[in-house]
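Structural characterization, general
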Amino acid sequence: MQIVTDPAAMQQLALTWRARGERIVLVPTMGYFHAGHLSLMEYGRTQGDHLVVSIFVNPTQFGPQEDLDRYPRDLDRDCELAAQQGVDLIFAPAAGQMYPPGYQTFVEVTEVTQGLCGVSRPTHFRGVATVVLKLFNLVQPQVAVFGEKDYQQLITIQRLVADLNVPVAVVGRPLVREADGLALSSRNVYLSPAERQAALKLSQALFRARDLAAQGERSRERLFAAITPLLQSEPRLRLDYLNLLDNQTLAELPTIQHTARLAIAAYVGQIRLIDNILLEVP
Ligand code: AMP
């Protein structure tokens, strides 16, 4: 497995592969791998000739009060895990190489980024869209793989490639959970045992809503009435949002026609966690 840090070298290599007619798959990440990341790699492996995983803790997607400096990092361990997944190349640039002095260009996806995480993180998706477009230009992938864990991010990137005619197929893959339901996240390492227990309420609430929808419940009001007591019963948990959304547009839904996405964000102590689930009414 190759490790490349220089953006220009990455692009040169990618253009060489493309000139030979080879297919490049990119899995963009911020590293500190868990089984969710590995599932994207496992899928990506089947989609082309070169599987590239980027590891970049992107400063422009963190707000000034957020955890950029203490975001967990372990490049050696990540490289070992990636090699075991059959990754061909790790692209791990330094922040100064991606945003050298004089940098001043940003990409904004204006609508699907407004609600949900966009409310408490107003500059987040601008940073995400910008870095992902840069990564696409550097790695030249035909396919890019994202997790449904960050559902609003996935929809934002799909909007970006459609709107800017970017020739990349953006694939969303299922959210991977711990055995007890907790959505895997690099930030879970921050949780104390008691906080981790409290965090389980997020997935429990989503599962309850999924079951009610499967039994025919279509009304947002009744679904929320059924699950908010569960969330309020945990004093360590502070809800940021709970939204019932159209799967594609992220528009808020008062009732479910066939399917919808239920998305939640909450603080457990200082840690902000997100989760979501597909609801299907038969
Ligand atoms: P991150 O390193 O947190 O930026 O995540 C990199 C990619 O992995 C993104 O596409 C995430 O949506 C995806 N991802 C993170 N956690 C999970 C999970 N639990 N299940 C599936 N994909 C995930």
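Up top is the structure.
All of the points below concern the structure found in this document. In this numbering scheme, every chain counts its residues from 1 along its sequence in written order. Thresholds applied to this predicted model are a pLDDT of at least 70 for local features of residues and 80 or more for the giving and counting of side-chain atom pairs; totals over whole chains, interfaces and linings are not thresholded and use all residues. Note that the side-chain values use all heavy atoms of the structure and ignore hydrogens as well as water.

The next point concerns helix H3 (residues 75-84). When a residue's accessible area, from a 1.4 Å probe over protein chains only, is under 20% of the maximum for its type it is buried; when over 50% it is exposed; and in between it is partly exposed. Counting from the N terminus, the helices are DSSP H or I runs at least four residues long and the strands are E runs at least two residues long. Within H3 the residues assigned to the buried category are Asp-78, Cys-79, Leu-81 and Ala-82. For H3, the arc enclosing every buried residue in end-on projection is 165°, short of the 170-degree limit, so these residues lie on one face. Of the residues in H3, the exposed ones pointing more than 90 degrees away from the buried face are Asp-76, Glu-80 and Gln-84. Residues of H3 that are buried sit in contact with strand S1 (2-4), helix H2 (35-45), strand S3 (50-55) and strand S4 (89-91). Read the arc as the range of directions from the helix axis to the C-beta atoms. In this description, contact between two residues means that some pair of their heavy atoms is separated by no more than 4.5 Å.

As a general point, the strands of a sheet are linked pairwise by backbone hydrogen bonds and lie either parallel or antiparallel. Only strands joined by at least two bridges in the DSSP assignment are considered to pair. Reading across from one edge, S1-S4-S3-S2-S5-S6 is the order of the 6 strands in this open sheet, with parallel pairing throughout. Lying at the two open borders of the sheet, with one neighbouring strand each, are S1 and strand S6 (169-173). Strand after strand, the sheet turns through a mean of 25° between neighbouring axes, direction not considered. With 6 bridges joining them, strand S2 (residues 24-29) and S3 adopt parallel strand pairing. The residue bridging Pro-28 from the neighbouring strand is Ser-54, located in S3. Here the axes come from fitting lines to C-alpha atoms, over the contacting stretch only for helices, and the angles between their N-to-C directions go from 0 to 180 degrees. Along the sheet, helix H1 (residues 7-19) makes contact with S1, S2, S3 and S4, crossing S4 at roughly 140°. Contacting S2, S3, S4 and strand S5 (143-147), helix H6 (residues 124-139) crosses the sheet at an angle of about 150° to S2.

Our focus in this paragraph is the environment of Val-176. With respect to the secondary-structure elements, Val-176 resides in the loop between S6 and helix H8 (193-214). Each C-alpha atom of the pair Val-176 and Gly-36 lies 5.1 Å from the other, and the pair is 140 residues apart in sequence. Setting aside anything within four residues of it in sequence, one finds Val-176 in contact with Ala-35, Gly-36, Ser-39, Ala-183 and Leu-184.

The definition of a nonpolar core used throughout is a set of buried Ala, Val, Leu, Ile, Met, Phe, Trp, Tyr and Cys residues joined through side-chain atoms within 4.5 Å. Ranked by internal contacts, the top residues of the largest apolar core, which has 44 residues, are Met-10, Val-52, Phe-91, Phe-136, Val-139, Phe-146 and Ile-157. The set of elements that each furnish at least two residues to this core consists of H1, S2, S4, H6, S5, helix H7 (151-163), strand S7 (237-245) and strand S8 (259-268). These domain limits were set by an automatic method or by a database of domain assignments. No fewer than three residues from each of domain 1 (2-173) and domain 2 (186-277) sit in this core. Discounting chain neighbours no more than four positions away, the residues touching Ile-157 are Val-128, Ala-129, Val-132, Phe-136, Phe-146 and Val-170. Counting residues in each nonpolar core, the second largest holds 35 residues, with Met-30, Tyr-190, Leu-212 and Leu-242 among its members.

Attention now moves to the pattern of salt bridges. Salt bridge, as used here: a side-chain nitrogen of Lys or Arg that lies within 4 Å of a carboxyl oxygen of Asp or Glu. Scanning the model with the defined rule gives 14 salt bridges in all. Between Arg-126 and Glu-108 there is a salt bridge whose closest N-O contact spans 3.9 Å. Here Glu-108 lies in the loop between helix H4 (95-98) and helix H5 (117-120) and Arg-126 lies in helix H6, a separation of 18 residues in the sequence. Since its relative accessible area comes to 33%, Arg-126 is described here as partly exposed. The closest approach of N and O atoms between Arg-220 and Glu-252, which form a salt bridge, is 3.3 Å. You can see Arg-220 sitting in helix H9 (residues 220-232) and its partner Glu-252 sitting in the loop between S7 and S8, a full 32 residues away along the chain.

Turning to the packing of aromatic side chains, a few remarks are in order. Only centres within 6.5 Å qualify two rings of Phe, Tyr or Trp (six-membered ring in Trp) as a pair; their planes then separate them into stacked at under 30 degrees, edge-to-face at over 60, and tilted for everything else. Considering all chains together, one arrives at 4 aromatic pairs under this definition. Arranged with centres 6.3 Å apart and planes meeting at 35°, the rings of Phe-56 and Tyr-99 form a pair that is tilted. Taken together, the residues Phe-56 in the loop between S3 and H3 and Tyr-99 in the loop between H4 and H5 connect sequence positions 43 residues apart. Ring geometry for Tyr-103 versus Phe-106: centroids 5.6 Å apart, planes at 80°, classification edge-to-face. Taken together, Phe-56, Tyr-99, Tyr-103 and Phe-106 form an aromatic cluster joined through their ring pairs. Criterion for a charge above a ring: Lys NZ or Arg CZ within 6 Å of the ring centre, and within 35 degrees of the ring normal. Arg-238 extends its terminal NZ or CZ atom over the ring of Tyr-267, reaching a point 4.5 Å from the ring centre.

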